[in-house]
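# Structure assessment
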Amino acid sequence: MYGVSQNIKNTANIILKILVVAIFAFPFLWVISVSLQTDAEVNTFPATIIPKTPQFNNYVRAWQAGPFLTYFKNSVVIIVAIITIQMLIMIPAAYAFAMYDFKLKNILFSLVLIAFMVPTQVTFVPVYLMMGEWGLLRTLWPQILPFMTNAFGIFLLRQYFMQVPEELIEAARLDNASELKIVYKLMIPMAKPALATIILFSFVSHWNEYFWPLIMTNTTDVRPLTVGIAALKSTEGFVNWNTIMAGNMFLIAPILIVYVFCSRFIIKAFSYSGIK
Amino acid sequence: MAKIEFRNVTKAFDKNVVIKDLNLEIEDGSFTVLVGPSGCGKTTLLRMIAGIGPQTSGQVLIDGVDVSNVPPGKRKVAMVFQNYAIYPTMTVKENIEFGLKNNKVPKEQREKLINETASKVGLTEYLNRKPSQLSGGQRQRVALARAMVKNPSVFLMDEPLSNLDAKLRVQMRVELIELHNKLKTTFVYVTHDQVEAMSMADTIVLMNEGKIQQKASPEVMYKDPDNLFAARFIGSPPMNVCNLDHKGNKFGFRPERVDITDEYVNDTAFIMEGVVVTREMLGHETIYSVRNEEGITVTVKRLDDKWRMDQKVFVSVKDIKDIYFFGKDGQRIRENDNDYAYCINQLRGVKNEEN
Amino acid sequence: MRKIDKIKQYVFPYLLILPSMVGIGLFVVYPIIKVIILSFYSTNMINPAKTKYVGFENYIKMFNKVMFKKAMVNTSIYTLVMIVVVLALSLLLAVWLGQKSSRINYICQMAVFLPHIISIVSVALIFVQMMEPNFGLFNSILVALNLPTSRWLQSSDTALMSVLLVSIWKSVGYYTLIFIAALQSVPRDIYEAAELDNAGKFKTFYKITLPMISPQIFFVVIVLTIGSFKVIETIRLMTNGGPNNATTSLVFYIYREVFNNTDIGKGAAAGVVLMVIVGIMTVLYFSSLSKRVHYR
């Protein structure tokens, strides 16, 4: 008796888990399905689950529906620029906060924490006006400059730097290593996991960013992929959902590929973002 | 008031069998210490009694009743964990009270029990503190009080003193012995430290690789080991063991039974010439290693410290009763065993070869 | 020589921090001050000379605006539902999927977390399509199951709940991961001690587990509150605030005032409201961090 009820429990457990996987993963299969349907299939009721003959042409149509090469290029340029600038600014700052004692340290560090908490939704109006005054609204700068200081990154990197044993740094000093050498030969290799996490978070959040570029861009030639894809909805109307979903795949695919290959690292990085 | 029995107990983690077909009886009211190197299965046995790591097959009986299907909270056992496992979010009082509350003990009785127990272990002033505000020794007492307050019929302790500093450990050892004398309940205590086992137990159960090597009182354990493992594990420094012949038979003797002399001594059970290669002066005693030309090293524990490094000496064991023989399977060969005479002869041979 | 060394030593850390402080100064501190200032002015974008100080007029007018009130109510409902549902669901999923590390549990975690790293643009487009009342998937399923269909995003009765459904679906995985990590950090022997103390499953959960992970629960509540009060993207993409302002949120209101009505004063005043809410949450969070030491 005991064994039988245990078996039923186990089966129910597995069925429920498959259901959970379906609820969270299905919409991404659905995008693929819709992106391959014919114009007629998209607009029938009840909805078509699997297209009869996959319409790969939809992807060509989507690509030609807007300057997608430009959007794609913009997204890549913005991300590379943001991550590079953040690294150059963040590493020295985190090093100083971890290794030196100076008068204004606590005040300046609380500024970093405030920057970490204040959302862009609070600051966008003045920043928009400022970018207008500086005449930068037709460039990519408004999408790059405001993110130059990564407060979360400084915070996390500082934690890692502080965990490097004091003796190790003293040993390096005794070996006559310069400050710069200590940072690049000792501290950065020790903080590799933190840097990987920071790059991951930056990549995910800026590749997906929609609100900020929506506000900061007035012309198509500076828009990133997200804004371009969202715009498909208005240019393609509500009829050509197949084209919209094909375009949507341009945005989903890169992240999905990264996720498939690094899911362990990604899940671990996000899991521990809440413990600090 | 409880006797514990293991009957053909097997424990496997996934496919990895750590204990196979083990039988053991722990007497009512005894202070039994399970001792052995790490990974020998001693903690696994303890957790079986508690019910928090149930056996894969076989039976565990407490007072003759099979408790295999009894949940841990209903077994009338209490456990002190290695890392204390105190609830960090509760005060000392709440920690002690938690089990009582779950067992629906009425409030006045709870208060009485808590106050009694707290004064017994010296925690009265700390009842309203959080564990994070306590020292290591105080946390240890909370864990102890939490176990005591339930008035269990079996006390289980999993290396409870390993996180304390040396001085406190010795003090707690005495307190635990006194506690056992007072309560007269069954204590099952797990440790990897043979000194702790020898000093506290009335019965030692020595384990290795999931098997019981010997179950005996500390005296018997020391004086009459069943096998090579028991002989080497109990005693510090460990017993000297040398090859008796080329078939794998061995003989051994304890460092504290060895004499050192300048000259050859007649009528010894064993004698060897060698050079003092190390000398550790420990205060009241000194430990020497003496090595002969063939590289055989004998450890000697002496009260005198007059022997110097590189000095040429003779080490000898006078009484044949102080020499233990072991077969190639590691089992002890005793006086009434058939091979004993052969062993004696071989030993004489060894002695003669030495000269 | 030594004096120069000392000055170098003194100035060096500030030099290292300077670039990061320029970023924070320009894009955090200055905007915060500027928003407050703007909220007291009536700004004229076309003729800056006509910009004038108006005191609390922007605030008074804003608080009397139907759309602002509607936005505040909507945002509050949205926040409350997010906190309750996401907290409950993610705790449940974490306990269920995190107790044993098996293959199926890991696949579940992977799936549940997936929506979190996909752009809200993609997610919104998918759900708008699935929630389409005439040929969308959701209504197709409802019809197949003989259940009444819904207008989803296109009716003011169901629009906010439909947006919430998407937000919950997208974010629950992240919090599940946080709780799984939290649960795994609770030492096993404490649960064993509780078992020996005859504590039932339910009692163990609310007397041991919940207090042990309370720092993470608190963290999640704060993050959810801030995250919900600043919601805009989902709304802008799925409903554009409609129908009939049924899904207008606080930040969407700011966006409308600034970019549709070019009323920067009112937009800034609403921005100050958001800032105050975020500020309170931040203070609560950091003051709890200092208390957390007790649990170690």
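Residues numbered from 1 in each chain as written. Chains lettered and ligands numbered in written order. Predicted model: local features only at pLDDT ≥ 70, side-chain atom pairs only at ≥ 80, totals over all residues. Heavy atoms only, no water.

### A closer look at the overall build of chain A
- Looking only at helices and strands, one finds 14 helices and zero strands in chain A.
- For 276 residues, the compact-globule estimate of 2.2 N^0.38 gives 19 Å, and the C-alpha radius of gyration of chain A, at 24 Å, exceeds that figure by more than 25%.
- By principal-axis analysis of the C-alpha atoms, chain A measures approximately 75 × 75 × 35 Å.
- Expressed as a percentage of its 276 residues, the buried residues of chain A come to 53%.
- Residue pairs at least 24 apart in sequence account for 71% of intrachain contacts in chain A once pairs closer than 6 positions are excluded.
- Accessible surface, chain A as shown: approximately 13,300 Å² in total, 67% of it carbon and sulfur. (Helix = DSSP H or I, 4+ residues; strand = E, 2+ residues; numbered from the N terminus. Rg over C-alpha atoms; globule rule 2.2 N^0.38 Å. Buried < 20%, exposed > 50% of the residue type's maximum accessible area, 1.4 Å probe, protein only. Contact = heavy atoms within 4.5 Å. Areas by Shrake-Rupley, 256 points an atom, 1.4 Å probe, with all protein chains shown as cover.)

### A short note on the sheet that holds strand 11 (residues 240-243) of chain B
All names here are of chain B.
- Across the sheet, four strands lie side by side as 11-12-18-19; this open sheet has antiparallel pairing. Looking at the sheet topology across the chains shown, the edges are occupied by strand 11 and strand 19 (332-333).
- Examined bridge by bridge, strand 18 (residues 324-326) and strand 19 share two bridges and lie antiparallel to one another. Paired with Phe325 across the bridge in strand 19 is Ile333. (Pairing = 2+ DSSP bridges.)

### Focus on the confidence of the model for chain B
- Looking at chain B as a whole, its pLDDT mean stands at 90, while 98% of the residues score no less than 70.
- Our summary of model confidence lists the complex with pTM equal to 0.86 and ipTM equal to 0.89. (pLDDT = per-residue confidence, 0-100.)

### Quick notes on a nonpolar patch on the surface
- Nonpolar side chains collect at one region of the surface, where Ile7, Tyr10, Val11, Phe12, Leu15, Leu18 and Val22 of chain C lie side by side and expose about 630 Å² of accessible area between them.
- Of note, Leu15 of chain C is situated in helix 1 (residues 2-38). (Patch = residues over 30% accessible without salt bridge, like charges linked within 9 Å, V, L, I, M, F, W, Y side chains within 5 Å. Salt bridge = Lys/Arg side-chain N within 4 Å of Asp/Glu carboxyl O.)

### Details of the interface of chain C and chain B
- Chain C puts 18 residues into the contact, and the matching count from chain B is 23 residues.
- In total, about 2,000 Å² of surface goes out of reach between chain C and chain B, with carbon and sulfur atoms giving 58% of it.
- Its largest share of buried area at the contact with chain B, chain C owes to Leu196, Asp197 and Asn198 of chain C, together 35% of the area lost on that side.
- Between the two partners, chain C and chain B, sit two salt bridges.
- Measuring nitrogen to oxygen at the nearest pair gives 2.8 Å for the salt bridge that ties Lys150 of chain B to Asp197 of chain C.
- Across the chain C-chain B interface, the total number found is 10 residue pairs in polar contact (both at pLDDT 80 or more). (Buried area = accessible area lost by both parts, 1.4 Å probe. Polar contact = N/O pair within 3.5 Å; in protein donor to acceptor, adjacent residues only side chain to side chain.)

### A word on the pairing of strand 2 (residues 16-26) of chain B
- As paired strands, strand 1 (residues 4-13) of chain B and strand 2 of chain B are joined by seven bridges and run antiparallel to one another. Considered in strand 2 of chain B, the bridge of Ile4 of chain B is made with Ile26 of chain B.

### Looking at the nonpolar core
- Among the nonpolar cores identified, the biggest contains 234 residues, and Leu157 of chain A together with Phe6 of chain B are the most heavily contacted of them.
- Ranked by residues supplied to this core, first place goes to helix 4 (residues 68-99) of chain A with 17 residues.
- In this structure, this core is formed jointly by two domains, domain 1 (2-59) and domain 2 (66-235) of chain A, each of which donates at least three residues.
- The residues contacting Phe6 of chain B, other than those within four sequence positions of it, are Leu22, Asn23, Leu24, Ile26, Leu45, Met48, Ile49, Gln59 and Val60 of chain B.
- Within the second largest apolar cluster, 45 residues are counted, among which are Ala78, Val80, Ala145 and Leu161 of chain B. (Core = buried A, V, L, I, M, F, W, Y, C linked by side-chain atoms within 4.5 Å. Domains from an automatic or database assignment.)

### A few points about the environment of Pro160 of chain B
Residue and element names in this part refer to chain B.
- When you line up the elements, Pro160 lands in the loop between strand 7 (154-158) and helix 5 (166-183).
- Remark: the alpha-carbon pair of Pro160 and Glu111, spanning 49 residues in sequence, is separated by 26 Å.
- For Pro160, the residues in contact, after removing those within four places along its chain, are Val80, Phe81, Tyr84, Gln140, Tyr189 and Val190.

### Topic: the side chain of Gln55 of chain B
All names here are of chain B.
- Residue placement: Gln55 occurs in the loop between helix 1 (42-50) and strand 4 (57-62).
- On the accessibility criterion, Gln55 (12% relative accessible area) is buried.
- Within the structure, Gln55 has its side chain in polar contact with the backbone oxygen of Gly58 (distance 3.3 Å).
- Of note is the side chain of Gln55, whose polar atom sits 2.9 Å from the side chain of Ser68.

### Quick look at the interface of chain A and chain C
- Taken together, the 88 residues of chain A in the interface contact 88 residues of chain C.
- When the two sides are added together, the surface that chain A and chain C hide from each other amounts to roughly 8,000 Å², 80% of it contributed by carbon and sulfur.
- Where chain A packs against chain C, one counts 17 residue pairs in polar contact (both at pLDDT 80 or more).
- Counting only elements with at least two residues in the side of chain A that touches chain C, the list comes to helix 1 (2-35), helix 4, helix 5 (105-117), helix 6 (120-133), helix 11 (192-208), helix 12 (211-216), helix 13 (225-235) and helix 14 (241-271) of chain A.

### What to know about the domain arrangement of chain A
- Per the domain assignment, the segments making up chain A are domain 1 (2-59) and domain 2 (66-235).
- In this structure, domain 1 of chain A and domain 2 of chain A have C-alpha centres spaced 38 Å apart.

### As for the packing of aromatic side chains
- Here the structure, examined in full by the defined rule, presents 54 aromatic pairs over all chains.
- With a centroid separation of 5.1 Å and 65° between ring planes, the pair formed by Phe97 of chain A and Phe109 of chain A is classed as edge-to-face. In this pair, Phe97 of chain A sits in helix 4 while Phe109 of chain A sits in helix 5, placing the two residues 12 residues apart along the sequence. Phe109 of chain A shares its class with Phe97 of chain A; the two are buried.
- When the ring centre of Tyr106 of chain C is taken as origin, the NZ or CZ atom of Arg264 of chain A, which lies over that ring, is 4.1 Å away.
- One Lys or Arg, Arg146 of chain B, reaches over the ring of Tyr87 of chain B and ends 4.8 Å from the middle of that ring. (Phe/Tyr/Trp six-rings, centres within 6.5 Å; stacked < 30°, edge-to-face > 60°. Lys NZ or Arg CZ within 6 Å of the ring centre and 35° of its normal.)

### Section: the sheet that holds strand 9 (residues 203-208) of chain B
Residue and element names in this part refer to chain B.
- The strand order across the open sheet formed by six strands is 6-7-8-3-9-10, and the pairing between neighbours is mixed. The open sheet has two free edges, formed respectively by strand 6 (77-80) and strand 10 (211-216), since each of these has just one partner strand. Put simply, the sheet's adjacent strands are angled 15° from each other on average, direction ignored.
- Two elements, strand 9 and strand 10, share five bridges in a ladder whose sense is antiparallel. Note that in strand 10 the partner of Asn208 across the bridge is Lys211. (Axes fitted to C-alpha atoms, helices over the stretch in contact; angles between N-to-C directions.)

### Thoughts on the pattern of salt bridges
All names here are of chain B.
- In this structure the tally under the stated criterion is 23 salt bridges over all chains.
- In this structure, Lys93 and Glu111 form a salt bridge, with 3.1 Å as the shortest nitrogen-oxygen distance. On the criterion of sequence distance, the pair formed by Lys93 in helix 2 (residues 92-102) and Glu111 in helix 3 (residues 107-121) is long-range, its members being 18 residues apart.
- Ionic pairing is found between Asp304 and Arg302, a salt bridge with its closest N-O pair at 3.9 Å.
- Since its relative accessible area comes to 26%, Asp304 is described here as partly exposed.
- Connected through salt bridges with shared partners, the residues Asp224, Asp226, Arg332 and Arg334 form a single ionic network.

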